[in-house]
Amino acid sequence: MKKILIPLLVLVALLIGGIAWLYMNLDEQRQANLEMQELAELDKKEMESQYQQFADQYSEMKTRINNDSIVAQLSIEQEKTQRLLSELQKVKANDAREITRLKKELATVREVLRSYILEIDSLNRLNQNLVEENSRVKAQYQEATQQIEGLNTEKQSLSEKVAIAAQLDATGIQMDAKDKRGKKTEKMSKCKTVQVNFSLAKNVTAASGMKDVYVRIVSPTGSLLGGAGSFKYENRSLQYTMKKTVEYGGQELPVTLFWNVSQAMPNGTYQVSIFADGNMIGSRSFSFK
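Being a predicted model, the structure only gives us computed values, none of them experimental.

## A word on the pattern of salt bridges
Across all of its chains, the model carries six salt bridges by this definition. Among the salt bridges present, the one from Arg83 reaches Glu87, with a minimum N-O distance of 3.1 Å. Residue Arg83 and its partner Glu87 are both found in helix α2 (residues 68-90); the two are separated by four residues, about one turn of the helix. Judged by its relative accessible area of 43%, Arg83 is partly exposed. One salt bridge connects Arg114 with Glu111, and the closest N-O pair in it is separated by 2.7 Å. Of this pair, Arg114 and Glu111 both sit in helix α3 (residues 96-166), separated by three residues, roughly a single helical turn. We classify Arg114 as partly exposed; its relative accessible area is 39%. Taken together, the shared-partner salt bridges connect Arg83, Glu87, Glu98 and Arg101 into one network.

This is how it looks when you write it as structure tokens:
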């Protein structure tokens with residue numbers, strides 16, 4: 001009896017041990033399955049986060065570029081990314097087949113996004129270079145414009161200086177009153193002819209050729225002697241007393257003009273002014289008793 005009981009007890013002990021080991025193994029398996037489920041959930045959430053980040057990046061990139069064609073392409077890729085995100089959110093974490101597919105799609109989205117980032121950065125750098133080049137060209141244009149304006153100012157100043165230098169000059173102006181015998185007199189009551197003498201000074205910068213010379217004589221009462229015609233001076237017309245056309249060649253040229261008295265000649269101070277080429281080239285006053 002004892003011989004039968006001992007093996008039976010051993011068998012029972014082995015069965016109990018086997019059951020205990022099996023229970024422990026099943027518990028460990030359940031724990032492992034639970035941990036795998038948690039990892040799958042974390043992996044799924046990480047994928048969702050990346051999909052959302054990529055969709056946000058597409059949205060942000062569209063604000064960084066002014067190219068309708070590329071913006072349209074970015075919108076298509078953004079919509080695709082959001083569609084895949086929506087699909088992922090509906091998939092269970094333990095659906096290995098769908099999770100694997102969406103993981104591959106995520107990798108594709110990442111590569112496409114990277115290519116657009118590189119393209120947009122390249123375009124932005126190109127635009128920046130163009131902006132800098134445009135600024136440089138504008139600066140050069142402004143500098144050139146300022147130089148041209150400076151040259152024009154210098155040219156105008158030089159032209160004015162040349163014009164001033166080329167202006168004729170009447171020197172040695174003399175006014176004489178002549179009686180009926182042609183002799184000088186200081187009594188204007190006896191004056192029958194007025195003689196004006198002067199010289200056009202030497203000026204090699206002045207234009208040579210025929211010159212119209214005008215003489216104005218203003219009496220002590222402020223009236224103009226004579227009034228045979230008019231000439232242009234400072235955008236207006238002036239009456240003249242005498243006119244003479246002479247040929248000027250740049251060398252000193254004596255000039256004499258006569259005016260026959262045709263009005264009363266009061267005593268006092270007379271003003272003689274001489275004009276040529278639109279300029280007053282000399283002036284002097286003379287007093288008579």
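## A few points about the sheet that holds strand β3 (residues 209-218)
On the basis of which strands lie adjacent, the open sheet formed by four strands has the order β6-β3-β8-β9 and antiparallel pairing. The open sheet is flanked by β6 (242-248) and β9 (279-288), the only strands paired with a single partner. When the angles between neighbouring strand axes are averaged without regard to direction, this sheet yields 20°. Looking at chain direction, β3 and β6 are connected through seven bridges and run antiparallel.

## Overview of the sheet that holds strand β7 (residues 253-260)
The antiparallel open sheet is built from three strands, whose spatial order is β1-β2-β7. Taken across any chain shown, the strands that pair with only one partner, and hence form the sheet edges, are β1 (170-178) and β7. Adjacent strand axes in the sheet meet at a mean angle of 15°, parallel and antiparallel pairs treated alike. Of the strand pairs in this sheet, β1 and strand β2 (residues 193-200) are connected by seven bridges, and their pairing is antiparallel. Each bridged residue has a counterpart across the sheet, and for Ala177 the counterpart in β2 is Val194.

## What about unusual backbone geometry?
Here Glu234, not a glycine, exhibits a phi torsion of approximately 50°, which is positive. Along the chain, Glu234 turns up in the loop between β4 (229-233) and β5 (236-240). We note that Asp277 has phi near 55°; this positive angle belongs to a residue other than glycine. Tracing the backbone shows Asp277 in the loop between β8 (268-276) and β9.

Conventions adopted
- Residues numbered from 1 in each chain as written.
- Predicted model: local features only at pLDDT ≥ 70, side-chain atom pairs only at ≥ 80, totals over all residues.
- Heavy atoms only, no water.
- Salt bridge = Lys/Arg side-chain N within 4 Å of Asp/Glu carboxyl O.
- Helix = DSSP H or I, 4+ residues; strand = E, 2+ residues; numbered from the N terminus.
- Buried < 20%, exposed > 50% of the residue type's maximum accessible area, 1.4 Å probe, protein only.
- Pairing = 2+ DSSP bridges.
- Axes fitted to C-alpha atoms, helices over the stretch in contact; angles between N-to-C directions.

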